[in-house]
Amino acid sequence: MTDLPVTSASPSAAPSLLYKFIGDPGAIPAMLAGNIRFSAIDSLNDPAELTPPVDRQAVLDSLERMRRQGCQDADLRLLQAQWHFMQAFAPVDFSVDYPENCVEVDEMLSWPIYENLDEMLHRLREMSGGLKSRLGALCLTARADSAPMWAYYAGNARGAVIVYRDIGRALDCAAFSGPEYEGLKLSSVQYDAHNPGVTFAPETYRSLFFNKLPDWSAEREWRAVVGMDRSHGDEFAPYRDIQIDPSHIAGVVCGWNMRPDIYETAQAAARAAGKPAGCAEIRDGRIVLPEFACPHHRNEMESA
């Protein structure tokens, strides 16, 4: 048995500017006012969302490693965050006691039930399937100069991009106050063809939300995850709107194919919100953004 590398996502410092492509310019005024929409995960365009890969040997190796090394303080913090997450969002019965200390964790991991991989994987699949409608994601990107993204997410450049500044802090204040969100805050998506999926390594539960196949790597995605509101009965709404401090909005970049009358309306909305607006352009075969939407512009402002 060899120790496996950790391939799950982990929180890291976000770029100062992140971007949200939108296909409907009619949403610009609300977004400039601070409205942010999280979409149910089962509505996203990646069919592999919350469909965890299964590497049976990786699961067994991680259990052996945890038993051999014992629970560490860092493991305990991750397991406690995972417990709060499961209590809040698990669609199936979750009756494991809160892990108070490493001694309790080590004792629990000695139970023979954890060696029953078929049962463990069945529970994982059942939980993952139910989470798709219970959780929503805000999908942002670290780049706004991608032609495929302008084509696919912004209506062939008839839409726009909202530019956010330090949005992680805004989201922390608006949506992530509870302990169940400790592992769901704004994080970069990791692209890995060899992701072993969820194992007994405590940090790997985040791979359900923050790991994707390398096919998607050009999008340089950052995302955050929240619980969805119930619409009625046991059904969950397809989206959840959250209001953030609009001071974290740096402006709006309109597509080069946006209709002139819609562009004028977008500019008027930006002026009313006290935000800059500009148009992306094609120069020498490249997409060029307005100065306010460029990361180097933010760096120049901070150093001035």
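Residues numbered from 1 in each chain as written. Predicted model: local features only at pLDDT ≥ 70, side-chain atom pairs only at ≥ 80, totals over all residues. Heavy atoms only, no water.

**Quick look at the confidence of the model for the protein**
The test is simple: Residue-level confidence of the predictor, termed pLDDT, takes values from 0 up to 100. The contact definition used throughout considers only heavy atoms, calling two residues in contact when any of these lie within 4.5 Å.
Of the residues in the protein, 91% have a pLDDT of 70 or more, and the chain-wide mean is 89. Low pLDDT (under 50) marks residues 1-11, which in the prediction has 27 contacts with non-local residues, meaning those over four places away or in another chain. For the stretch residues 299-304, pLDDT sits under 50, and the model shows zero contacts to residues farther than four places along the chain or on other chains.

**Things to note about the environment of D106**
Operational definition: Under the DSSP-based scheme used, a helix requires at least four consecutive residues in state H or I and a strand at least two consecutive residues in state E, with every element numbered from the N terminus. The buried label goes to any residue with under 20% of its type's maximum accessible area, the exposed label to any with over 50%, and the partly exposed label to all in between, with areas taken from a 1.4 Å probe on protein chains only.
Summarising the element assignment, D106 is placed in helix α4 (residues 102-109). Classification of D106 by relative accessible area gives partly exposed; the value is 33%. Counting along the chain gives 22 residues from D106 to S128, while the straight-line C-alpha distance between them is 25 Å. Every residue in contact with D106, bar those within four places of it in the chain, is listed here: G70 and C71.

**Description of the packing of helix α2 (residues 56-69) against helix α5 (residues 117-134)**
Condition: Every angle, taken between N-to-C directions, lies between 0 and 180 degrees, and every axis is a line fitted to C-alpha atoms, over only the stretch in contact when it is a helix. Note on terminology: angles under 35 degrees are roughly parallel, angles over 145 are roughly antiparallel, angles of 65 to 115 are roughly perpendicular, and the others are oblique. Under the convention adopted here, Pro, Cys and the residues Ala, Val, Leu, Ile, Met, Phe, Trp and Tyr are nonpolar, Asp, Glu, Lys and Arg are charged, and Gly plus all remaining residues are polar.
Relative to each other, α2 and α5 sit at 105°, their axes nearing to 11 Å. Between α2 and α5, the angle is such that the two are roughly perpendicular. Of α5, the residues touching α2 (which contributes R56, V59 and L60) are L117, D118 and L121. The residue makeup of the contact of α2 with α5, split by class, is four nonpolar, no polar and two charged.

**Focus: the packing of aromatic side chains**
Where we set the bar: Between 30 and 60 degrees the pair is tilted, below 30 it is stacked and above 60 it is edge-to-face, where a pair is any two Phe, Tyr or Trp rings, Trp via its six-membered ring, whose centres lie within 6.5 Å. Ring-over charges, as used throughout, are those where CZ of Arg or NZ of Lys falls within 6 Å of the ring centre and within 35 degrees of the ring normal.
Here the structure, examined in full by the defined rule, presents 12 aromatic pairs. With 6.2 Å between their ring centres and 15° between their planes, W111 and Y114 make a pair best called stacked. Ring geometry for Y152 and Y153: centres 4.8 Å apart, planes at 85°, overall edge-to-face. Y152 gets classed as exposed once you look at its relative accessible area, which sits at 58%. In this structure, R37 is placed above the aromatic ring of Y239, and the distance from its NZ or CZ to the ring centre is 3.6 Å.

**Points about the pattern of salt bridges**
Operational definition: A pair is scored as a salt bridge if a Lys or Arg side-chain nitrogen falls within 4 Å of a carboxyl oxygen belonging to Asp or Glu.
Inspection of every chain in the model, using the stated rule, returns 14 salt bridges. Residues E115 and R67 are paired through a salt bridge, measuring 2.8 Å at the closest nitrogen-oxygen approach. Of the two residues, E115 sits in the loop between α4 and α5 while R67 sits in helix α2, which places them 48 residues apart along the sequence. The exposure class of E115 is partly exposed, given its relative accessible area of 46%.

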